[in-house]
Amino acid sequence: MTPTVRRNRRPLQGAAVAAAALLALGACSSSGADSSAKPDSSGSGKLSGEVTVFAAASLKESFTTLGERFEKEHPGTKVTFSFGGSDSLAASITGGAPADVFASASPKTMKIVTDAEDASGPPVTFVRNKLEIATLPGNPHHVSSLEDLTAPDLKVVLCDKEVPCGAAAHKALDASGLKLTPVSYEQDVKAALTKVELKEADAAVVYKSDVHAAGDKVAGVEFPESADAVNDYPIALLKDARNAGAAKAFIALVRSAEGQKVLSGAGFLKP
Amino acid sequence: MTSPTAKSRETAGTLRGGPRRRRVRTGVPLPLLLPALIGLAFLIVPLIALLVRTPWHSLPEQLTSPDVWQALRLSLLCATAATAASLVIGVPLAWLLARVDFPGRGLVRALVTLPLVLPPVVGGVALLMALGRNGIVGQWLDSWFGITLPFTTAGVVIAEAFVAMPFLVISVEGTLRAADPRYEEAAATLGASRFTAFRRVTLPLIAPGIAAGAVLAWARALGEFGATITFAGNFPGRTQTMPLAVYLALQSDPEAAIALSLVLLAVSVAVLAGLRDRWMRAG
């Protein structure tokens, strides 16, 4: 029966269990939780060891590039990523997964981690992501606005309302007073994009950065209503970070001019 | 390979409490009992956990929501349609595998059972490549007949049948192999055509096996998730079956996910338990 107890609905209870898990983890690792409590470790010149970064799937391309830069700038360090849906990453962090940094695709998912008191200090927004319409290469259906997607013969996929990209798309549609009936509500942004890449759907409402990452497999169409549904991406150092010094340095790199250049090159907007 | 029939007849006799030739020593040795109980607990505890964590106070409200009924109705409808489709094409396929000796039969049998071990998502991708709007068959369906299967209820039925039919084929083929072909031969000598013999003699003979296979296929189709979400997508009332609803509810409302899981569990248990005693004894 013990494994079932861990699946908690109540945040308070969840936090308690997570805290217990963290204590257990801290006791196991040599550097422990006390090193993360020191605020001055970021300034130290010599960094080493592994940094584990949990990041939203949409950050995969840009963060991989930044990880390589970081390792080059700080020889002896190793950046390990776990990319995935922000919700599931947040769930594994509160469940006690060993991570140093969490970069989430929405403040809502970051809140899961901060509510469980797993973050060390308040999260900061490091990029923003705007929605864009992804359509077939060459835009054969001449999609030029969000309204064009309401055409009855057009197969459009949206993200499910439960996931951040779906919530954002919904917000944009509501703001413009449009009623759009998609053929499917996909489980995440990449699934929605894939349906267009495979030409099964004619268009999808996804993030600008995803359109960018898909290259010439899809065509991107910007629409003004996306301004009403801009997603903030927060990043935070985690409380049980085993390598807080290097983790802080990585966050600093992400927020630096150099990091912002990589991110805006991948289609993200400045915060 | 002649012993299994004899053995199963013997076990069947023992189970029915018929006359036994040898006294079987009763009592279970501990090295068997302990792992067996752990195995039982491993399978049952998660289900009990679901019951324990069910939000009973909000359950009536969760279950009376139209979304849940819509998903459940669609699940039942699609699983039944997938089973019916499997019966129509799966039973003849099983007959072919059991009764007709053709080159490469072993390979064909392996291919038929492949969806059993294939990750369902892979099945969904494969279906998309075959029957999608851009697929090797699907593009012709689209350009000739204007039929596109992804994102439709028919797509759900196809995805479920793809994953569930092997259960039926395996079950029916096994029953056919155990059934004595001499009855069919006798019918043939009395002037029945091969199809008449199949319809009038073989089919009634293997009916319990078909029923058992159909129940298994139905239950598997009801629980299908990966191939469905990959091939048919997710749209409430059209392609959102219960497993999809559970998965997406878990992202935001775990209580709703638990309640939905409970419904699916109850339906599955009711059907398996209800049908097992009646039809699965012979299997």
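Values in this document were obtained by computation on a predicted structure and should not be read as measured data.

Each partner contributes to the interface: chain B provides 27 residues, whereas chain A provides 25 residues. Around 2300 Å² of area is buried between chain B and chain A when both sides are counted, 54% of it from carbon and sulfur atoms. A salt bridge links Asp202(A) to Arg133(B); the nearest nitrogen and oxygen atoms lie 2.7 Å apart. Across the contact surface, chain B and chain A share 10 residue pairs in polar contact (both at pLDDT 80 or more). Where the side of chain B that touches chain A is concerned, the elements lending two or more residues are helix 2 (30-52), helix 6 (120-131), helix 11 (226-231), helix 12 (242-252) and helix 13 (254-279) of chain B. The greatest single-element share of the side of chain B that touches chain A, amounting to five residues, is contributed by helix 12 of chain B. Split into classes, the residues belonging to the side of chain B that touches chain A amount to 14 nonpolar, nine polar and four charged.

Let's shift gears to the state of the cysteines. Residue and element names in this part refer to chain A. Tallying each qualifying case throughout the model produces one disulfide over all chains. Covalent S-S linkage joins Cys 159 and Cys 165, the inter-sulfur distance amounting to 2.0 Å. When the S-S torsion is -105°, as for the bridge of Cys 159 with Cys 165, the disulfide is left-handed. There is no split in this pair, since Cys 159 and Cys 165 are both buried.

Residue and element names in this part refer to chain A. Residues annotated in UniProt with the feature "binding site: molybdate" (unreviewed entry) correspond here to Ser 58, Ser 86, Val 189 and Tyr 207. The residue Ser 86 is located in helix 5 (residues 86-94) in this model. Among the residues examined, Ser 86 registers a relative accessible area of 6% and is labelled buried. In this view, Ser 86 contacts Ala 56, Phe 102, Ser 104, Ala 105 and Thr 109; residues no more than four positions away in its chain are not counted. Along the polypeptide, Tyr 207 turns up in strand 8 (residues 203-207).

Residue and element names in this part refer to chain B. Position of Gln 240 among the secondary structure elements: in the loop between helix 11 and helix 12. For Gln 240, a relative accessible area of 13% translates into the label buried. Only 2.9 Å separates the side chain of Gln 240 from the side chain of Asn 234, close enough to count as a polar contact. Setting aside anything within four residues of it in sequence, one finds Gln 240 in contact with Ala 71, Leu 74, Asn 234, Phe 235, Ala 245 and Leu 248.

Okay, the packing of aromatic side chains next. Following the criterion strictly, the structure yields 14 aromatic pairs over all chains and no others. Taking 6.3 Å as the distance between ring centres and 85° as the angle between the ring planes, the aromatic pair formed by Phe126(A) and Tyr233(A) counts as edge-to-face. Taken as a pair, Phe126(A) in strand 4 (residues 124-129) and Tyr233(A) in strand 10 (residues 231-237) lie far apart in primary sequence, 107 residues in all. No difference in accessibility class separates Phe126(A) from Tyr233(A), as the two residues are buried. Pairing Trp140(B) with Trp144(B) gives two aromatic rings, centres 5.5 Å apart and planes at 40°, and the pair type is tilted.

What counts, and where the lines are drawn
- Residues numbered from 1 in each chain as written.
- Chains lettered and ligands numbered in written order.
- Predicted model: local features only at pLDDT ≥ 70, side-chain atom pairs only at ≥ 80, totals over all residues.
- Heavy atoms only, no water.
- Contact = heavy atoms within 4.5 Å.
- Buried area = accessible area lost by both parts, 1.4 Å probe.
- Salt bridge = Lys/Arg side-chain N within 4 Å of Asp/Glu carboxyl O.
- Polar contact = N/O pair within 3.5 Å; in protein donor to acceptor, adjacent residues only side chain to side chain.
- Helix = DSSP H or I, 4+ residues; strand = E, 2+ residues; numbered from the N terminus.
- Nonpolar A, V, L, I, M, F, W, Y, C, P; charged D, E, K, R; others polar.
- Disulfide = S-S within 2.5 Å.
- Buried < 20%, exposed > 50% of the residue type's maximum accessible area, 1.4 Å probe, protein only.
- UniProt positions renumbered as here; feature names shortened; annotations may be inferred.
- Phe/Tyr/Trp six-rings, centres within 6.5 Å; stacked < 30°, edge-to-face > 60°.

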